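Below are the chains, spelled out letter by letter.
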Amino acid sequence: MAAITAAQGEREYIVGNQWGAKQSTGSAAVAYTYHQTFTVEATAHAFRFKLLNVNINPMTVSAGAVAVSNKLGSGAERYTPSSGTWVPITWGGATSVTIAAGATDRPTISWSDWIPLTTLDRIDGETLPVVMVRLYLPAGDFSLGNYNFMPWSATSGINNGRFLYMYRNAGNFASGNFTSMPGVGYTNPLLMGFEYKVRQRAITISGHGDSITEGAVNAGLGNFGNGWLWQSVSALRSANPGTVIGYVNNGMSSSTTATFLTRLQDFIAAECHSDIYVYSAFSPNDGAPSSSTIATEATRLTSALAAIDGTTKPAVLWTPCVNTAAAWNTTADGYRLAFRDTLLGLGRPVFDIEAAVSDGATPARFTASLTTDGTHPNEAGHAAIAAVAQPVLQALL
């Protein structure tokens, strides 16, 4: 979780952040610069940036730059750093990078170099340091975030407004100010995540699973800034003001336990930082619970726990979620509940969501007020799960 900085003799912590993993692909005829403005949780002195590629073809980013600012105003101040200085982003010392082809449910992960850059104190009455990133994507194949990330800034209580503004402009502006006002409200980010270094205690929580981990509220759609694990992290931040808490959202809709096991293994192999791994052992995407599906999920869980144990960090599990839309019969739901008992008996941190979202019937269904589509929790359902998850996570801090 930490290393000693030889030059200063101070303890140095890495904080991870990833807004999501789901992406869409295509091939663009126009080259664009993508700008993202966001905040971090504490004074930082170095950054590295994560790009994901789910395109079946390689994706090239021809230039990148990062800057810091001491305020968030209006208009151009939202995409123009007060420092006036853009620091080039490099990949293995080069100013561009080509990311190998990926797959729809298995992104190729690419990290930039660590870029030394110290954030600025705010002068506008706020406290969270402001960071701006620009990436130049030439015409050709692309892989961009698939969901609308903008509501995270529209409601102050959602994700604490950490993801603020996104812009896109034709041409290469990766190392300078836009020459004209970019289109406001662009919703598909090129940068999916980042890590930064701080000199105070920090914990990063990563979530691995399907759309329920991702934060979906309705058939794969919804406000991913307000899923149950985001809500848990927000509550943990409030309860632990002396600790920097990062969150990596590695959930992806439509994933089976096979695909998000592979993504977990890729995550670890790419040396993505996490201090606590929250992992889903079950998914309705595997089909109706049965003797064979539960046995397969148990085998995959064993592989996942072996991978996490190899990092020496703790794994946190959660019990299988009910599903109204699938209308599992009593036998199938009995297999789900038996797997729940297995997880609770593993002797590992597990939070039990059954009482939080189930109606307690036989076979069980969602409590009607906690779902919209019968498959995913709605925002009230996510809040109910967060209330169960937070104490388990708090005990590990």
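Here the structure is a predicted model, which is why all the values come from computation and not from measurement.

A short note on the overall build of the chain
Reasoning step 1: If you tally the helices and strands in the chain, you get eight helices and 21 strands.
Reasoning step 2: A compact globule built from 397 residues should have a C-alpha radius of gyration of about 21 Å, and the chain, at 21 Å, falls within 12% of that.
Reasoning step 3: By its C-alpha atoms, the chain is 65 × 50 × 35 Å across when sized along the principal axes.
Reasoning step 4: Out of the 397 residues belonging to the chain, those deemed buried represent 56%.

Regarding the packing of aromatic side chains
Reasoning step 1: Enumeration according to the criterion identifies 15 aromatic pairs in this entry.
Reasoning step 2: A ring pair is formed by W19 and F38, whose centres lie 5.4 Å apart and whose planes are at 65°; its orientation type is edge-to-face. Of the two residues, W19 sits in the loop between β2 (10–18) and β3 (23–28) while F38 sits in strand β4 (residues 32–39), which places them 19 residues apart along the sequence.
Reasoning step 3: Taking relative accessible area as the criterion, F38 reaches 0% and is therefore assigned buried.
Reasoning step 4: Plain terms: the ring middles of F267 and Y277 are 6.1 Å apart, the flat faces sit at 85° to each other, and that makes the pair edge-to-face. Of this pair, F267 sits in helix α4 (residues 257–269) while Y277 sits in strand β19 (residues 276–280), and the two are ten residues apart along the sequence.

Focus: helix α8 (residues 379–396)
Think of an α-helix as 3.6 residues a turn; residues three or four steps apart then line up on the same face.
Reasoning step 1: The end-to-end C-alpha distance of α8, which contains 18 residues, comes to 25 Å, matching closely the 26 Å that a straight helix rising 1.5 Å per residue would cover.
Reasoning step 2: Largest kink in α8: about 30°, centred on A389, with the proline P391 one to four residues after it.
Reasoning step 3: All of the buried residues along α8 are G381, H382, A384, I385, A386, A389, V392 and L393.
Reasoning step 4: Regarding α8, its N-cap is N378, as a side-chain oxygen of that residue lies 3.1 Å from the backbone nitrogen of A380 further along.

A word on the confidence of the model for the chain
Reasoning step 1: Per-residue pLDDT for the chain averages 90, and the proportion of residues at 70 or more is 90%.
Reasoning step 2: Low confidence marks residues 1–8, where pLDDT is under 50. Its contacts with residues over four positions away, or in another chain, come to 20 contacts.
Reasoning step 3: Counted against residues more than four places away or in other chains, residues 150–161, with its pLDDT under 50, gives 28 contacts.

Examining the pattern of salt bridges
Reasoning step 1: According to the stated counting rule, one finds twelve salt bridges in the structure shown.
Reasoning step 2: The shortest N-O distance in the salt bridge between R336 and E354 comes to 2.7 Å. Placement of the pair is R336 in helix α6 (residues 330–344) and E354 in helix α7 (residues 354–357), with a sequence separation of 18 residues. One exposure class covers both R336 and E354, and it is buried.

Let's talk about the nonpolar core
Reasoning step 1: F47, F49, V133, L135, L190 and Y196 are the most contacted members of the largest nonpolar core, which totals 37 residues.
Reasoning step 2: With four residues, the top contributor of residues to this core is strand β12 (residues 130–137).
Reasoning step 3: Core analysis: the second largest hydrophobic core is formed by 30 residues, L236, Y247, V322 and F351 among them.

Basis of the calculations
- Residues numbered from 1 in each chain as written.
- Predicted model: local features only at pLDDT ≥ 70, side-chain atom pairs only at ≥ 80, totals over all residues.
- Heavy atoms only, no water.
- Helix = DSSP H or I, 4+ residues; strand = E, 2+ residues; numbered from the N terminus.
- Rg over C-alpha atoms; globule rule 2.2 N^0.38 Å.
- Buried < 20%, exposed > 50% of the residue type's maximum accessible area, 1.4 Å probe, protein only.
- Phe/Tyr/Trp six-rings, centres within 6.5 Å; stacked < 30°, edge-to-face > 60°.
- Expected span 1.5 Å × (residues − 1).
- Bend = angle between axes of the 7 residues up to and from the residue.
- Polar contact = N/O pair within 3.5 Å; in protein donor to acceptor, adjacent residues only side chain to side chain.
- pLDDT = per-residue confidence, 0-100.
- Contact = heavy atoms within 4.5 Å.
- Salt bridge = Lys/Arg side-chain N within 4 Å of Asp/Glu carboxyl O.
- Core = buried A, V, L, I, M, F, W, Y, C linked by side-chain atoms within 4.5 Å.

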